Amino acid sequence: SVASASYAAEKPEFQFRIGGGALHVMDHDQTGLGKVDLLFKPLTRFELIPVVGAWFTGTKDQYYHAGLEKQLNLSDHWALFLGLSAGAYVERDGMDLGHDLEFQSRIGISYALDEDQALDLEFGHLSNARISDLNPGTEFASLSYRHIW
């Protein structure tokens, strides 16, 4: 039988997510987005999943982040996930987000292909939370493949 979108009966030790999408999806200056995330064994009784990752954009901007994700099973194949991260934003030729420190909030839906694989669709916001006078913020969307070990 297929495991739930989030987990089989035992919690995975490690997950790898790779995908692509767009940054600035609500603006006129959208750019491509490539991303990789590593997700680790859930912590605490609240099942919070540590995540670290990196983004690379079509304008050569980069974002390196660490945070937590929570996955909620909806059925045998479907799960909802919520995430919060903080990280370093390296602006090259893209939008000035106002600070090197940027915070990410995201929501997504996951579909389990089988016990070891899932597809994740997510939408989120990137902002410096007003620690700088300049805080345009931006939205992103991505589709990713996730392998579960």
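Model, not experiment: these values are computed from the prediction. (Residues numbered from 1 in each chain as written. Predicted model: local features only at pLDDT ≥ 70, side-chain atom pairs only at ≥ 80, totals over all residues. Heavy atoms only, no water.)

### A word on the side chain of Arg 17
Relative to the helices and strands, Arg 17 resides in strand 1 (residues 14–23). A polar contact is formed between the side chain of Arg 17 and the side chain of Glu 69, at a distance of 2.9 Å. Beyond its immediate chain neighbours, meaning those up to four positions away, Arg 17 contacts Lys 35, Val 36, Asp 37, Leu 39, Val 51, Glu 69, Phe 81, Asp 120, Ser 144, Tyr 145 and Arg 146. (Helix = DSSP H or I, 4+ residues; strand = E, 2+ residues; numbered from the N terminus. Polar contact = N/O pair within 3.5 Å; in protein donor to acceptor, adjacent residues only side chain to side chain. Contact = heavy atoms within 4.5 Å.)

### Topic: the packing of aromatic side chains
On inspection of all chains with the given rule, the structure shows six aromatic pairs. Centre to centre, the rings of Trp 78 and Tyr 111 are 4.8 Å apart; their planes meet at 55°, and the pair counts as tilted. Within this pair, whereas Trp 78 is found in strand 5 (residues 78–90), its partner Tyr 111 is found in strand 6 (residues 101–114), the two being separated by 33 residues in sequence. Taking the relative accessible area as the measure of exposure, Trp 78 reaches 39% and is therefore partly exposed. Residue Tyr 111 is classed as partly exposed on the basis of its relative accessible area of 30%. (Phe/Tyr/Trp six-rings, centres within 6.5 Å; stacked < 30°, edge-to-face > 60°. Buried < 20%, exposed > 50% of the residue type's maximum accessible area, 1.4 Å probe, protein only.)

### Observations regarding a nonpolar patch on the surface
Taken together, the side chains of Leu 74, Trp 78, Ile 109, Tyr 111, Leu 113, Leu 119, Leu 121 and Leu 143 define a hydrophobic patch exposed on the protein surface, amounting to about 710 Å² of accessible area. In terms of residues, the nonpolar patch owes the most to one element, strand 6, which gives three residues. By the element assignment, Leu 143 lies in strand 8 (residues 138–148). (Patch = residues over 30% accessible without salt bridge, like charges linked within 9 Å, V, L, I, M, F, W, Y side chains within 5 Å. Areas by Shrake-Rupley, 256 points an atom, 1.4 Å probe, with all protein chains shown as cover. Salt bridge = Lys/Arg side-chain N within 4 Å of Asp/Glu carboxyl O.)

### Digging into the confidence of the model for the chain
Mean pLDDT over the chain works out to 92, with 93% of the residues at or above the 70 mark. Scored below 50 in pLDDT, residues 1–9 makes 35 contacts in the model with residues more than four places away or belonging to other chains. (pLDDT = per-residue confidence, 0-100.)

### Brief notes about unusual backbone geometry
The phi dihedral of Thr 44 is positive, around 60°, even though this residue is not glycine. Position of Thr 44 relative to the elements: it lies in the loop between strand 2 (31–40) and strand 3 (49–57).

### Thoughts on the sheet that holds strand 8
Two pairing modes exist for strands in a sheet, parallel and antiparallel, and in both the strands are linked by backbone hydrogen bonds. Strand order around the closed barrel formed by eight strands is 1-2-3-4-5-6-7-8, with antiparallel pairing between neighbours. Strand-to-strand twist of the sheet, defined as the mean angle between neighbouring strand axes without regard to direction, takes the value 25°. In this sheet, strand 6 lies alongside strand 5 in antiparallel orientation, the contact comprising eleven bridges. Considered in strand 6, the bridge of Gly 83 is made with Arg 106. (Pairing = 2+ DSSP bridges. Axes fitted to C-alpha atoms, helices over the stretch in contact; angles between N-to-C directions.)

### Side note on the pattern of salt bridges
This structure, assessed with the given rule, holds ten salt bridges. A salt bridge links Glu 69 to Arg 106, with the nearest nitrogen and oxygen atoms 3.2 Å apart. Placement of the pair is Glu 69 in strand 4 (residues 62–73) and Arg 106 in strand 6, with a sequence separation of 37 residues. Take Glu 69: its relative accessible area is 0%, and that puts it in the buried class. The network of salt bridges with shared partners includes Arg 17, Lys 35, Asp 37, Glu 69, Arg 106, Asp 120, Glu 122 and Arg 146.

### What about the environment of Thr 31?
Within the element layout of this structure, Thr 31 appears in strand 2. Separated by 26 residues in sequence, Thr 31 and Thr 57 place their C-alpha atoms 6.5 Å apart. Of note is the side chain of Thr 31, whose polar atom sits 3.4 Å from the backbone nitrogen of Thr 59.

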